[in-house]
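# Report on the structure
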Amino acid sequence: MKKKQKISWVCVKCGNISPKWVGQCSVCEEWNTFEEQTEELDIGTKNTRGIIKTPEYLNQALKQESKKARIGTKISELDRVLGGGFLVDSLSLLVGSPGIGKSTLSLQVALEVANQNKKVLMVSGEESVSQIAERADRLSDKNPEVQILNEFLIENILSTAQEERPDFLIIDSVQTIASGNSGSATGSMSQIRTVTEKIMQFTKKNKIPTILIGHVNKEGEMAGPQVLAHLVDTVLILEGDSKHDFRVLRTSKNRFGSAQEVGVFEMTEKGLQELKKPSEAFLDGRLENAIGSVIFPVIEGSRSFLVEIQALTSTTRFGLPKRTASGIPLARLSLILAILQNHARINFENKDVFVNVVGGFKVNEPAMDLPLALALVSAHKKQPLKNKLFACGELGLSGEVRAISFLEKRLKEGQKLGLTEVVIPSNKKTNKNIKELEIRPVRTVLEAIKNIF
Ligand code: TYD
Ligand code: MG
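Before going into details, it helps to say that this report is about the structure given with it. This is a predicted model, so every value here is computed, not measured.

### Some remarks on the pairing of strand β15 (residues 293-300)
β15 sits mainly inside the fold: eight of its eight residues count as buried. In β15, alternate side chains face the same way, and those of Ser293, Ile295, Pro297 and Ile299 on one face and Val294, Phe296, Val298 and Glu300 on the other are all buried. Relative to strand β16 (residues 303-315), β15 runs antiparallel, the two sharing eight bridges. Along β16, the bridge assignment pairs Val298 with Phe305.

Written as structure tokens, this is what we have:
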């Protein structure tokens with residue numbers, strides 16, 4: 001039994017204990033009463049059950065980490081989001097609302113991986129083998145060998161996987177798989193947790209990269225919320241609006257790569273196709289001289305895309321004015337309305353306000369404040385902005401336009417798509433010079449409005 005010394009300080013008057021020396025006791029308020037005291041601390045004996053681990057050196061651990069194999073999917077938008085493919089002993093949770101395309105994307109991954117002469121096992125607790133076979137037939141002209149298993153008991157799934165030893169495993173979905181050893185209902189919190197833990201152990205032990213699919217509810221909350229996120233290595237979120245064709249794949253957690261990258265897809269009759277030129281696709285169909293429409297260069301990971309922010313106002317007929325935002329947090333809209341009211345004297349008090357990011361894209365970046373404000377003013381004044389103008393900048397509570405990150409990248413994206421004028425924050429760092437782009441730096445939201453309308 002090993003013993004170790006622990007030092008603490010004790011007040012000789014009242015017995016108050018402190019981890020460090022203090023001049024005055026906080027209990028009896030006497031001065032200079034603390035004395036050093038050493039204690040024997042029992043740290044127990046080394047446990048001889050299991051393996052006793054020895055510490056490793058960082059640089060050696062790093063070498064081993066970079067040597068770990070990854071399985072690429074040939075779907076470059078997905079591989080980029082993952083940081084170069086699925087690591088062989090990683091468990092990835094793919095979440096999204098029902099009907100968004102999780103099963104489609106994972107089947108595409110299965111087909112691509114199998115195409116590289118790798119064995120793939122796809123387990124579905126939701127769909128029958130023939131349903132999946134029919135979809136696979138639609139998605140791929142080639143017919144690579146993917147094994148399909150329709151099973152919902154995790155013990156059976158994992159023992160089949162143990163026998164088959166696939167190179168890649170997909171399980172659809174965590175809410176429809178249950179453990180025979182657990183008494184609670186399928187899809188319940190404790191079932192979801194048990195199932196995920198079993199899969200995690202299996203993945204790590206057998207070094208089989210695994211995708212586990214999970215449904216989220218409409219608000220984007222994970223069903224059986226954050227519990228799963230911390231169990232797995234990577235959380236991939238497939239989002240978009242099932243009424244639109246665009247889909248964005250993000251990571252909210254990535255143990256083995258950046259969590260910033262996004263992949264952009266379009267749902268077609270041949271599954272999810274990568275969107276090579278997202279800006280063009282997002283701006284496709286934009287009306288010329290549209291009232292309440294402003295282009296904003298959003299930053300997602302290492303890239304910038306142009307998105308259209310739209311605003312519409314109408315007179316409130318009765319009751320409280322409505323505020324509706326899609327693709328933008330409602331709190332941000334309220335803030336921008338308050339800034340416009342206070343610093344530009346534009347009143348939305350008896351107006352219903354609707355804002356939208358076209359294409360079902362979700363934006364949550366402070367740099368969208370200025371374009372959002374301009375879209376609202378344009379809708380309020382019923383005056384369009386110039387067609388080839390775009391804007392970016394954060395608004396402060398005093399109506400000031402604040403500096404934003406990645407300005408040059410944003411400006412270049414606009415210029416590349418043929419836009420000619422941009423409104424940006426005025427500040428030393430924003431001294432950019434980009435060919436064929438007229439740059440208008442502004443200090444305040446009022447200055448921006450006066451400049452444009
Ligand atoms: P699915 O992958 O089943 O969604 P999830 O697993 O997230 O619930 O996708 C279902 C939708 O995708 C459905 O509305 C049909 C559409 N879809 C296509 O548009 N093209 C296709 O090639 C496939 C397979 C599905
Ligand atoms: Mg599905």
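### Quick word on the pattern of salt bridges
For the structure shown, the criterion picks out 23 salt bridges. Ionic contacts of the salt-bridge type, sharing partners, join the residues Glu77, Arg80, Glu261 and Arg303 into one network.

### Structural notes on the site of ligand 1
Inspection of the region around ligand 1 gives 16 residues, with Gly99, Lys102, Ser103, Thr104 and Thr268 positioned closest. Within the backbone of Glu269, one N or O atom sits 3.0 Å away from an oxygen atom of ligand 1. The contact in question runs from an oxygen atom of ligand 1 to an N or O atom on the backbone of Gly271, over 2.8 Å. Protein coverage of the free-state accessible area of ligand 1, which is 560 Å², stands at 74%. A per-class count over the shell around ligand 1 returns four nonpolar, seven polar and five charged.

### Some words on unusual backbone geometry
Note the cis peptide between Asp172 and Ser173, where omega equals -5 degrees. Positive phi, normally seen in glycine, also occurs at Asn32, with a value near 50 degrees. Position of Asn32 relative to the elements: it lies in the loop between β2 (17-18) and β3 (34-42). Look at Asn32 and you get exposed, because its relative accessible area is 60%.

### Here we look at the packing of aromatic side chains
Applying the stated criterion across every chain, the model contains five aromatic pairs. Measuring from ring centre to ring centre gives 6.1 Å for Phe282 and Phe305, while their planes differ by 75 degrees; the resulting arrangement is edge-to-face. Residue Phe282 is located in helix α8 (residues 278-283), and its partner Phe305 is located in strand β16; the two are separated by 23 residues in the primary sequence. Both rings, one in Phe305 and one in Phe361, keep their centres 6.0 Å apart while their planes meet at 85 degrees; by these two values the pair is edge-to-face. One end of the pair, Phe305, is in strand β16; the other, Phe361, is in the loop between β18 (351-357) and α10 (369-381), with 56 residues separating them in the sequence. Phe361 gets classed as buried once you look at its relative accessible area, which sits at 1%. Put simply, the rings of Phe246, Phe282, Phe305 and Phe361 touch in pairs and so form one group of aromatic residues.

Calculation rules
Residues numbered from 1 in each chain as written. Chains lettered and ligands numbered in written order. Predicted model: local features only at pLDDT ≥ 70, side-chain atom pairs only at ≥ 80, totals over all residues. Heavy atoms only, no water. Buried < 20%, exposed > 50% of the residue type's maximum accessible area, 1.4 Å probe, protein only. Helix = DSSP H or I, 4+ residues; strand = E, 2+ residues; numbered from the N terminus. Pairing = 2+ DSSP bridges. Salt bridge = Lys/Arg side-chain N within 4 Å of Asp/Glu carboxyl O. Near = heavy atom within 4 Å. Polar contact = N/O pair within 3.5 Å; in protein donor to acceptor, adjacent residues only side chain to side chain. Areas by Shrake-Rupley, 256 points an atom, 1.4 Å probe, with all protein chains shown as cover. Nonpolar A, V, L, I, M, F, W, Y, C, P; charged D, E, K, R; others polar. Phe/Tyr/Trp six-rings, centres within 6.5 Å; stacked < 30°, edge-to-face > 60°.

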